Amino acid sequence: GQQVMQIPQYQHVQEGEDFTTYCNSSTTLSNIQWYKQRPGGHPVFLIQLVKSGEVKKQKRLTFQFGEAKKNSSLHITATQTTDVGTYFCAGLLPDSNYQLIWGAGTKLIIKP
Amino acid sequence: GAVVSQHPSWVICKSGTSVKIECRSLDFQATTMFWYRQFPKQSLMLMATSNEGSKATYEQGVEKDKFLINHASLTLSTLTVTSAHPEDSSFYICSASYPGRSEQFFGPGTRLTVL
């Protein structure tokens, strides 16, 4: 079936370093969404990308959607302790009942 | 806006009992709600999609007679875990979408422990 692969599973960074997570779909997506789940919390919607090649920024976070609408990335510049958590991508398939296909998540860990 | 509540936040029950979890969209009407299960350090596993006024659509491998879903109104969906067993212990999270939109807003989750 359709899948969204997300890598890496974990990323350890020093505070102030950059962080990137990547998602790749086996099929073209209608849109891709990004969510953040803090430890012990629930996923929180961050952003949605719809257009081919779209780039959106939220302060230190940069989100990209590939030209083929199959891949996406989230880049965080100069990580802070508040960025800790698991970042999930989720793709919307065409003609689906608004069901999202979820990536496995990338856990951002800040080294002490 | 887009606040989703879930109750209870945690529950401990004996094996063989049934547990009901409520999911409410507090400030919007949600025609579609989703129920997920999340194991420790893992991603979200979609259990079922719930549409107001119709039967839920269950994902492959999810027993509909064990996980009963009722979406009786535009703001309330319930998940009942019937005859719970220790292997049903997990974190259950609901989400809701605005009509015609795909982004999901999640409840805080319910941690179920079956003894």
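So, here is what we can say about the structure in this document. (Residues numbered from 1 in each chain as written. Chains lettered and ligands numbered in written order. Predicted model: local features only at pLDDT ≥ 70, side-chain atom pairs only at ≥ 80, totals over all residues. Heavy atoms only, no water.)

## What about the sheet that holds strand S3 (residues 19–25) of chain A?
Residues and elements named next belong to chain A. Using the following cut-off: Strands pair, by our definition, only if DSSP identifies at least two bridges between them. Each helix is a run of H or I in the DSSP string that is no shorter than four residues. Each strand is a run of E no shorter than two, and both are numbered from the N terminus. As a rule, the C-alpha atoms of each element are fitted with a line to give its axis, helices using only the stretch in contact, and angles between N-to-C directions run from 0 to 180 degrees.
The strand order S1-S3-S8-S7-S6 describes an open sheet built from five strands, whose pairing is antiparallel. The open sheet is flanked by strand S1 (4–7) and strand S6 (55–58), the only strands paired with a single partner. Going from strand to strand, the sheet's axes swing by 15° on average, the running direction of each strand aside. Inspection of the sheet shows strand S7 (residues 61–65) paired to strand S8 (residues 71–76) by five bridges, in the antiparallel sense. Bridge assignment links Phe-65 to a residue of S8, and that residue is Ser-72.

## Focus on the state of the cysteines
For the record, the criterion: By disulfide we mean two sulfur atoms from cysteines, separated by a distance within 2.5 Å. Partly exposed residues are those whose accessible area sits between 20% and 50% of the maximum for their type, while under 20% is buried and over 50% is exposed, using a 1.4 Å probe and protein chains only.
If you walk through the whole model with that rule in mind, you get two disulfides over all chains. Covalently, Cys-23 of chain A is tied to Cys-89 of chain A through a disulfide, its sulfur atoms 1.8 Å apart. Between Cys-23 of chain A and Cys-89 of chain A, the S-S dihedral sits near -100°, and the bridge is therefore left-handed. Of this pair, Cys-23 of chain A sits in strand S3 while Cys-89 of chain A sits in strand S9 (residues 85–92), placing them 66 residues apart in sequence. Both residues of the pair, Cys-23 of chain A and Cys-89 of chain A, belong to the buried class. In this model, Cys-23 of chain B is linked to Cys-94 of chain B through a disulfide, with the two sulfur atoms separated by 2.0 Å. Residues Cys-23 of chain B and Cys-94 of chain B are joined by a disulfide whose S-S torsion is about 80°; by sign, that bridge is right-handed.

## Points about unusual backbone geometry
Backbone geometry follows two general trends: most residues other than glycine have a negative phi, and most peptide bonds adopt the trans configuration. The amide bond that connects Ile-7 of chain A to the next residue, Pro-8 of chain A, takes the cis arrangement and shows omega of -5°. Position of Pro-8 of chain A relative to the elements: it lies in the loop between S1 and strand S2 (10–14). Between His-7 of chain B and the following residue, Pro-8 of chain B, the backbone shows a cis peptide bond with an omega angle of 0°. Along the chain, Pro-8 of chain B falls in the loop between strand S1 (4–7) and strand S2 (10–13). Phi is positive for Ala-78 of chain A, which is not a glycine, with a value near 50°. Even without being glycine, Asp-95 of chain A reaches a positive phi, approximately 60°.

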